[in-house]
Amino acid sequence: MRQAGKYSGFMMSGGISGRTGPHSLPLARIKKIMKKSGEDVKMISGEAPIVFSKACELFIEELTRRSWATTMQGKRRTLHKDDVASAVVATDIFDFLVSLVSETASHSEDVTEPEEMEKLGSS
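Residues numbered from 1 in each chain as written. Predicted model: local features only at pLDDT ≥ 70, side-chain atom pairs only at ≥ 80, totals over all residues. Heavy atoms only, no water.

Engineer: Which parts of the structure should I look at to understand the overall build of the protein chain?
Structural biologist: Tallying secondary structure elements over the protein chain gives five helices and zero strands in all. The linear arrangement of helices and strands in the protein chain, starting from the amino end, is α-α-α-α-α. In the protein chain, buried positions account for 19% of the 123 residues. Taking all contacts inside the protein chain whose residues are at least 6 apart in sequence as the whole, residues at least 24 apart take part in 43%. Counting only carbon and sulfur atoms, one obtains 58% of the accessible surface of the protein chain, whose full area is about 9,600 Å². (Helix = DSSP H or I, 4+ residues; strand = E, 2+ residues; numbered from the N terminus. Buried < 20%, exposed > 50% of the residue type's maximum accessible area, 1.4 Å probe, protein only. Contact = heavy atoms within 4.5 Å. Areas by Shrake-Rupley, 256 points an atom, 1.4 Å probe, with all protein chains shown as cover.)

Engineer: Hey, could you run me through the packing of aromatic side chains in this one?
Structural biologist: The description of an aromatic ring pair uses the distance of the two centres, along with the angle that the planes make with each other. Tallying each qualifying case throughout the model produces two aromatic pairs. An angle of 85° between the planes, with centres 5.6 Å apart, marks the rings of F59 and F94 as edge-to-face. In this pair, F59 is assigned in helix α2 (residues 48-73) and F94 in the loop between α3 (81-90) and α4 (98-110), connecting sequence segments 35 residues apart. A relative accessible area of 31% means that F59 is categorised as partly exposed. Both rings, one in F59 and one in F96, keep their centres 6.2 Å apart while their planes meet at 40°; by these two values the pair is tilted. Of the two residues, F59 is situated in helix α2 and F96 in the loop between α3 and α4; the sequence distance between them amounts to 37 residues. Ring-pair connections join several aromatic residues into one group, and the members of that group are F59, F94 and F96. (Phe/Tyr/Trp six-rings, centres within 6.5 Å; stacked < 30°, edge-to-face > 60°.)

Engineer: Would you explain the confidence of the model for the protein chain in this entry?
Structural biologist: A low pLDDT score tells you not to read the predicted coordinates there in detail. Summary statistics for the protein chain give a mean pLDDT of 79 and a share of 67% for residues scoring 70 or more. Mean pLDDT values for the elements of the protein chain range from 48 in helix α5 (residues 114-122) up to 96 in α2. Confidence drops under a pLDDT of 50 for residues 16-20, and excluding neighbours within four residues, the segment shows eight contacts in the predicted structure. This stretch, residues 119-123, has a pLDDT under 50; its non-local contacts, to residues over four places away or in other chains, come to zero contacts. (pLDDT = per-residue confidence, 0-100.)

What follows is the structure, encoded as structure tokens:
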């Protein structure tokens, strides 16, 4: 039997207690994404998007914590996309995102930032 993890208490604390309570992420958007996931997905219960909403919140919190640790190691106080990429690469559970952050990094190298354009223009 599986042991309770650090997120197991969210069901008891009102995290997914039906349709009540505020949701940080729009449930209609989550349901639309779920329906787009495959042709076989036709009906989705009202509780499923609530669970996905909470799962997304927990995912964002965990990725942000790990990204923030990278930010602090760099002695900065602003989290950058490179911090997120570093957290993804350094964490096995985020392996499914490695190709996404490597694509983002390669695209950002090709695109000149607006601040850099201004510097080039004023030189």
